[in-house]
Amino acid sequence: MSNTRPPRLEPDFRRGGLRPRSPAEMLEPSRAPAPPNGRGQRRGPSRGGTLLRFGSSLLTLLLAIMLGAAAVGALLYHQFERPGPLAVTRVITIPKGEGRIEIARRLENEGVISNRWSFIAGYLVQNAARDKPVDLKAGEYEIKKNSSMAEVLALLTSGRSILEKLTIPEGLTSLQIVERIREEPDLTGEITDIPPEGTLLPDTYRFSKGTDRKELLEQMQAEMQRFLSEAWAKRQADLPIKTPEEALVFASIVEKETGRSDERDRVAGVFANRLRKGMRLQSDPTVIYGIAGGQGALGRSLTRADLNGKTAHNTYQIDGLPPTPICNPGRSAIEATLNPAQNEDLFFVADGSGGHAFSKTLKEHNSAVANWRKIERERAKKSAVVAPLEDEVPVQASAAKESSGPQLINAGTSASAAAATAPAVPLPVRKPKQ
């Protein structure tokens, strides 16, 4: 560093400024005066400026992202809403177990959608907008021609597939119902256990192709529990049954005794009156179930030995209700059981017209039985000449033709009265319930 000191300036009053003390000092260069208040001095970058530039860059990036997302969204919306490539209406099957990527690939391969990834993206976007995500459901779907991706996605998430149907008639045993389910080709899976008797509600059930057989059985059981609970809550006061389980047993007998809806409450009234009086029910269908069990049909007419046989379900030999239902009763039989007709009837027998003759006394009942035997004899004579008409049943009709068992013949008779009024073996049977 130079030790030369800057020249000392003295006031120059003639020039209005300062002047050097000597000519030599005048020749030396002088320093520029410092700017006032430190202005003009070089400073480093300020913190506020850096943040401002960062925020501006971030906003620019966000704006670019938003514009890009808007463009992608507009493109996706256009692809989703425009008509699809399917030229004709088709039925597409979505197997169980396939994920969304496999389903999208299948739809693309089948020509239902134009791009699987657009479909998946639309599915994810819609799921993100929902409170509760939904899945693409397996099933058999009828997809209309030119359906958009949005329409296809709505159909597959709704599960509104083409439904098959299976009708289960009233009065079948659980084994018979399981056999029908096993024979249904559009169902899958195996059934290893037979549900308890009376726990399946007869009805027409709809299902998607590929539904598991156990799942359908569980649905039938759930429907029976639901309906029985509702009907039990509306039951008549002072019934001779105490639990819903007893109601099912009672209803199963009513179901097997008559196929006519206008008679069910009266048939139920007969059995209710007999239970109140402590009389045995003496119902032929209970005898058949005691012998054939879940097979349902006996394959022949009842005999006197059958009525005298000791089984847990033979109501000619036991008091009160059998230990289990003898079939799966339908809604009307359950409702009739829980709201039986209120009268004094204790007997009924077929009257030859497809209905029954109801009686309050044994004398009236014996007369009705005699009338039924007369009708049977006349039918037997006709059947010997010509084949029976479709609505006629010959005396020796096989119980194998019956879906609901032989008709109650001697309801309410005591053991001695039954012997006096019962026909010689084999016993006559009623026309099977359709």
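My aim in this report is to walk through the structure given alongside it, one point at a time. Here the structure is a predicted model, which is why all the values come from computation and not from measurement.

Conventions used here
- Residues numbered from 1 in each chain as written.
- Predicted model: local features only at pLDDT ≥ 70, side-chain atom pairs only at ≥ 80, totals over all residues.
- Heavy atoms only, no water.
- Patch = residues over 30% accessible without salt bridge, like charges linked within 9 Å, V, L, I, M, F, W, Y side chains within 5 Å.
- Areas by Shrake-Rupley, 256 points an atom, 1.4 Å probe, with all protein chains shown as cover.
- Salt bridge = Lys/Arg side-chain N within 4 Å of Asp/Glu carboxyl O.
- Helix = DSSP H or I, 4+ residues; strand = E, 2+ residues; numbered from the N terminus.
- Buried < 20%, exposed > 50% of the residue type's maximum accessible area, 1.4 Å probe, protein only.
- Contact = heavy atoms within 4.5 Å.
- Core = buried A, V, L, I, M, F, W, Y, C linked by side-chain atoms within 4.5 Å.

## Side note on a nonpolar patch on the surface
Inference 1: A grouping of Phe54, Leu58, Leu59, Leu61, Leu62 and Ile65 is seen on the molecular surface, where their side chains present a nonpolar patch of about 610 Å² in accessible area.
Inference 2: Relative to the elements of secondary structure, Leu62 occurs in helix α2 (residues 47-81).
Inference 3: Judged by relative accessible area, Leu62 falls into the partly exposed class, the value being 40%.

## With respect to the environment of Ile326
Inference 1: By the secondary structure assignment, Ile326 is in the loop between α11 (304-308) and α12 (331-338).
Inference 2: Sequence spacing of Ile326 and Leu248 is 78 residues, and the spatial spacing of their C-alpha atoms is 9.2 Å.
Inference 3: Aside from chain neighbours lying at most four places away, what touches Ile326 is Thr173, Glu197, Ser252, Ile253, Lys256, Pro285, Thr286, Tyr289 and His313.

## Re the nonpolar core
Inference 1: Counting 43 residues, the largest nonpolar core has Met220 and Ile334 as the members making the most contacts within it.
Inference 2: Those elements giving two or more residues to this core turn out to be α6 (174-183), β6 (204-208), α7 (213-233), α8 (244-257), α9 (264-277) and α12.
Inference 3: Apart from the residues lying within four places of it in its own chain, the contact partners of Met220 are Ile168, Ile177, Ile181, Thr199, Leu200, Leu201 and Tyr205.
Inference 4: Within the second largest apolar cluster, 21 residues are counted, among which are Phe80, Ile94, Phe119 and Leu156.

## A few points about helix α10 (residues 284-292)
Inference 1: Burial analysis of α10 places seven of its nine residues in the buried class, the great majority of the element.
Inference 2: Residues of α10 that are buried: Asp284, Pro285, Thr286, Val287, Ile288, Tyr289 and Ala292.
Inference 3: Following α10 by one or two positions, Gly293 adopts a phi angle in the positive range, close to 60°.

## Let's talk about unusual backbone geometry
Inference 1: The phi torsion at Asp238 lies on the positive side, around 60°, for a residue other than glycine.
Inference 2: Turning to its location among the elements, Asp238 is positioned in the loop between α7 and α8.
Inference 3: Phi is positive for Gln282, which is not a glycine, with a value near 50°.
Inference 4: Relative to the elements of secondary structure, Gln282 occurs in the loop between α9 and α10.
Inference 5: We classify Gln282 as buried; its relative accessible area is 5%.

Read these as layout, nothing more, since geometry by itself doesn't imply function.
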